[in-house]
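Summary of the model geometry
Below are the chains, spelled out letter by letter.
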Amino acid sequence: MRASLIQLAVSDAEPPAERRARAAALVRAQDGADLVVLPELWPVGGFAYDAWASGAEPLDGPTAEAMSAAAKAAGCWLHAGSIVERDPDGPIYNTSLLFAPDGELVRTYRKIHRFGFDRGEAVAMGAGQEIVTVDAGFAVLGLATCYDLRFPELFRALLDGGAELLVVPAAWPARRAEHWNLLARARAVEEQALVLACNTAGTHGGVEQAGGSIAVDPWGRVLAEAGPDEQVLTVDFDPAEVAECRAEFPVHRDRLLGIPAPVQR
Ligand SMILES: O=C(O)CCC(=O)C(=O)O
């Protein structure tokens, strides 16, 4: 299987419609790939908080429409990264979109852990409530977004939901690039899963991005890794390796289920 991680450079200067057209053209060009992944919040300029409310879209809005057509044209699964979703009955959400090769929007995932560091996302967005796994035929995908990477309990829940391939779009700052790389590998080792983690490049909302999109196998080995600038990272992977790794080293068999409450002495 082949994946393309489109590490898009997102800048405050590029008008959203141009960025959307550019992203769609990049997806269409990946016609040899089985799965294409875009990063987090690229349609609204990532960290450009001021653009979130005005850039919010419904699930059949212009980004979903362009990405559906691009997935169909390329004939591949497309994790289109995330948009700011406008829910007519609620708050806005940081929502990932997953399209099948026929262009159907098969699942969405609302980011559960909002980035509370500078309060921006935690104040502006609603929190997702649903753990999302999707059987894509070649593997069961587990969906998470950016800051979620810091919360291993989510990934354990994805494992319990059958996840074999963890897909993580992000807008991860350069300041914590080592965390990004280390956590992507840690999640692969812990869950004995493949990890495809696609970041943005460039600087948006005044925050320089790490790039460094990464593909990791279930043993924690790096299959491919991007540099800091815009690029399409292509990687070949074998979904069967997940079951092989879990059979050869069945660590999940030894899990402590029903962890007792801590005792303070
Ligand atoms: O956890 C981090 O260091 C970055 C998280 C982040 O930028 C996000 O979730 O948007």
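Keep in mind that this is a model prediction, so the values were computed, not measured.

We now examine the pairing of strand β1 (residues 2-7). Counting buried residues along β1, 5 of its 6 residues qualify, which places the element largely inside the surrounding structure. The sheet contact formed by β1 and strand β14 (residues 231-236) spans 6 bridges and is antiparallel. Note that in β14 the partner of A3 across the bridge is V235. In the sheet, β1 pairs with strand β2 (residues 35-37) via 3 bridges, with the strands oriented parallel. Its bridge partner lying in β2, S4 is registered against V36.

To continue, consider the pattern of salt bridges. Counted by the stated rule, this structure contains 13 salt bridges. Residues E130 and R107 are paired through a salt bridge, measuring 3.1 Å at the closest nitrogen-oxygen approach. Taken together, the positions of E130 in the loop between α4 (120-124) and β6 (133-135) and R107 in strand β5 (residues 105-110) put the pair 23 residues apart, joining distant regions of the chain. When its relative accessible area of 26% is taken as the criterion, R107 is described as partly exposed. Each of E14, R19, R22 and E230 takes part in salt bridges that share partners, so that together they form one network.

Turning next to the site of the ligand. Close contacts around the ligand come from E40, F47, K111, F115, C146, Y147, R150, A171, W172, P173 and R176, and that covers them all. With respect to the ligand, the backbone of Y147 contributes an N or O atom lying 3.1 Å from an oxygen atom. For the ligand, whose accessible area on its own is 290 Å², the fraction buried by protein is 97%. Considering only residue class, the shell around the ligand consists of 7 nonpolar, no polar and 4 charged.

The sheet built from 6 strands is open, its strands ordered β5-β4-β3-β2-β1-β14 with mixed pairing. Strands with a single pairing partner mark the edges of an open sheet, and in this sheet they are β5 and β14. The mean inter-strand angle of the sheet, taken between neighbouring strand axes irrespective of direction, is 25°. In this structure, strand β3 (residues 77-86) lies alongside strand β4 (residues 92-99), joined through 7 bridges in antiparallel fashion. Each bridged residue has a counterpart across the sheet, and for S82 the counterpart in β4 is S96. Across the sheet, helix α3 (residues 62-74) is in contact with β3 and β4; its angle to β4 comes to roughly 15°.

Cut-off values and rules
- Residues numbered from 1 in each chain as written.
- Predicted model: local features only at pLDDT ≥ 70, side-chain atom pairs only at ≥ 80, totals over all residues.
- Heavy atoms only, no water.
- Buried < 20%, exposed > 50% of the residue type's maximum accessible area, 1.4 Å probe, protein only.
- Helix = DSSP H or I, 4+ residues; strand = E, 2+ residues; numbered from the N terminus.
- Pairing = 2+ DSSP bridges.
- Salt bridge = Lys/Arg side-chain N within 4 Å of Asp/Glu carboxyl O.
- Near = heavy atom within 4 Å.
- Polar contact = N/O pair within 3.5 Å; in protein donor to acceptor, adjacent residues only side chain to side chain.
- Areas by Shrake-Rupley, 256 points an atom, 1.4 Å probe, with all protein chains shown as cover.
- Nonpolar A, V, L, I, M, F, W, Y, C, P; charged D, E, K, R; others polar.
- Axes fitted to C-alpha atoms, helices over the stretch in contact; angles between N-to-C directions.
- Contact = heavy atoms within 4.5 Å.

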